[in-house]
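Examination of the molecular architecture
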Amino acid sequence: MKKLFILFALLITVVSASFAQKTAPAKETAKETDEQWLTRFEIQSAEALVKGDFSAVEKYISNDSVLTDPSGMMFTKAQTADLFKTGMLKFESSKFSEIKVRVFNGTTAVVTYLSEDKGMIKYADGKTQDISGKYRWTDTFVKMNGMWMCVATHGTPGDGNVTALKW
């Protein structure tokens, strides 16, 4: 279960960051803001994840990035890449909503969103596990050499509906 959440989290982070920057420069037009670019990037990353194309996003993830999956497991960029390249992690669909981008001093950004995913993880022993569900994500980006790079991703299960809580 822990490996499933980790793989899922890494995939979302890596694909999101890599795919968006591969398809367009940091600012496609002079009119596109960083917030608009990062929003587009996250959506296009989900599309790349569904295609299983990790190589499309790999160069936009910092080499020292850390992914913390919804189970609390932490993965490196290399560990995340292996999950996709071996086909252990596969998504049928991934839809993002509630995307919020906050940019600080033009060099750091925090993106939060809700994903609704359908996918499977395959373990080394051949067993598979359904990883479908809703997840809340926080991606942290730093602009390096004029390009947004994902440096950290954190996911948690659930849609965050707290209407039943009484404080």
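Residues numbered from 1 in each chain as written. Predicted model: local features only at pLDDT ≥ 70, side-chain atom pairs only at ≥ 80, totals over all residues. Heavy atoms only, no water.

Here the focus is the pairing of strand β1 (residues 61–68). As paired strands, β1 and strand β7 (residues 147–157) are joined by 4 bridges and run parallel to one another. Bridged to Ile61 within β7 is Cys150. Sheet topology note: the β1/strand β2 (residues 74–75) ladder contains 2 bridges and is antiparallel. Each bridged residue has a counterpart across the sheet, and for Thr68 the counterpart in β2 is Met74. Two successive antiparallel strands, β1 and β2, enclose a turn made up of 5 residues, where Gly72 displays a positive phi of approximately 100°. (Pairing = 2+ DSSP bridges. Helix = DSSP H or I, 4+ residues; strand = E, 2+ residues; numbered from the N terminus.)

As a further point, take the pairing of strand β4 (residues 108–122). Bridge count between strand β3 (residues 89–104) and β4: 13 bridges; the pairing is antiparallel. Across the sheet, Lys100 pairs through a bridge with Thr112, a residue of β4. Two successive antiparallel strands, β3 and β4, enclose a turn made up of 3 residues, where Asn105 displays a positive phi of approximately 55°. Alignment of β4 against strand β6 (residues 133–144), held across 10 bridges, turns out to be antiparallel. Each residue of the ladder has a partner; that of Asp117, found in β6, is Gly133. Sheet topology note: the β4/strand β5 (residues 128–130) ladder contains 3 bridges and is antiparallel. Along β5, the bridge assignment pairs Lys122 with Thr128.

Before going further, it helps to spend a moment on unusual backbone geometry. For Glu98, which is not glycine, the phi dihedral falls at a positive 55°. Even without being glycine, Asn105 reaches a positive phi, approximately 55°. In this structure, Asn105 sits in the loop between β3 and β4. Judged by relative accessible area, which is 79%, Asn105 ranks as exposed. (Buried < 20%, exposed > 50% of the residue type's maximum accessible area, 1.4 Å probe, protein only.)

Glancing now at the pattern of salt bridges. In the structure shown here, the tally under the stated rule is 5 salt bridges. One salt bridge in this structure joins Lys85 and Glu58, with 3.2 Å as the shortest N-O distance. With Lys85 in helix α3 (residues 77–85) and Glu58 in the loop between α2 (34–51) and β1, this pair connects stretches of sequence that are 27 residues apart. Classification of Lys85 as exposed rests on a relative accessible area of 55%. The class of Glu58 is partly exposed, set by a relative accessible area of 22%. Residues Arg136 and Glu98 are paired through a salt bridge, measuring 2.9 Å at the closest nitrogen-oxygen approach. Within this pair, whereas Arg136 is found in strand β6, its partner Glu98 is found in strand β3, the two being separated by 38 residues in sequence. (Salt bridge = Lys/Arg side-chain N within 4 Å of Asp/Glu carboxyl O.)

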